[in-house]
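Overview (structure and organization)
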Amino acid sequence: MFLTAKGLKSLLFVSLTILGPLEFVLGFNQDTDWEGAKSLYDFHATDLDGNEISLEKYRGQILVLFNAATRSCPVSAKSFKMLRALQDTYGNQGVQVVTFIIDGLMKESGTSEDIKEYIKSLEWPADVFAKIKSDGDEAHPIYKWIAAQLQDKIQQSVKILIDREGKVVAKYPPTGPLTELESAIQQYL
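Numbering of residues starts from 1 in each chain and follows the order in which that chain's sequence is written. The model is predicted, so local features are restricted to residues of pLDDT at least 70 and side-chain atom pairs to those at 80 or more, both for listing and for counting; the totals for chains, interfaces and linings are taken over all residues. Heavy atoms from the whole structure form the basis of all side-chain values; hydrogens and water molecules are not counted.

Topic: unusual backbone geometry
Positive phi outside glycine occurs at E123, with the angle close to 55°. Phi is positive for Q151, which is not a glycine, with a value near 55°. Secondary structure elements follow DSSP: runs of H or I no shorter than four residues count as helices, runs of E no shorter than two count as strands, and numbering proceeds from the N terminus. The residue Q151 is located in the loop between α6 (141-150) and β6 (159-162) in this model. Exposure classes here rest on a 1.4 Å probe applied to the protein chains alone. A residue is buried below 20% of its type maximum, exposed above 50%, and partly exposed in between. Judged by its relative accessible area of 74%, Q151 is exposed.

Here we look at the pattern of salt bridges
Between side chains of opposite charge, a pair can form when the charged atoms approach closely. Every case where a carboxyl oxygen of Asp or Glu lies within 4 Å of a side-chain nitrogen of Lys or Arg is listed as a salt bridge. Here the structure, examined in full by the defined rule, presents seven salt bridges. Residue D135 pairs with K153 through a salt bridge whose shortest N-O separation is 3.8 Å. Taken together, the residues D135 in the loop between β5 (127-129) and α6 and K153 in the loop between α6 and β6 connect sequence positions 18 residues apart.

Examining the sheet that holds β6
Any two strands with at least two DSSP bridges between them are considered paired. Pairing within the open sheet is mixed, and its five strands lie in the order β5-β4-β3-β6-β7. At either end of the open sheet lies a strand with only one pairing partner, and these are β5 and β7 (168-172). Across this sheet, the average inter-strand angle for adjacent strands is 20°, counted without regard to direction. Across four bridges, strand β3 (residues 62-68) lies against β6 in antiparallel orientation. Within β6, the residue paired with V64 across the bridge is L161. Only the stretch in contact is used when fitting a helix axis, every axis being a line fitted to C-alpha atoms; angles between N-to-C directions are given from 0 to 180 degrees.

Printed below as a string of structure tokens:
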């Protein structure tokens, strides 16, 4: 069966109506179009095994993005412990801590194998993505987008709260108790 031009046009109209905007059909290029992202779910990142993972997998969850260094950073080490307690408390209610590894201020975080070893030693229950940059021109597109949403730069060990729709809610400092973050999470449960 062959489609006429009119039939093809109708099929395209129906497809776009059902599937969504053309950028969905053609694909979103986060490296060049990050400013046009509608939510965190438009992005993907590389896990520690080198697999590209769509952040769409987190749709409907409340996320705490944590950009952490590894053994080289005492602030990150303390945050891992506090965020573990948060994950244990709220994980069954749709809260997920997602970690992006960055280099520490004083020392690099190492290779993916070094990072995996460190994460395993922590018995970390949450997803961890490969090392990225979170600030400046070389920042990963996710962090460029987040910084634009917050109209602020993203420094090391900051926690970013993302609501169930994939929208940036707020950022929380690298140090201090998580009470403010926990209160915000409770508002979105």
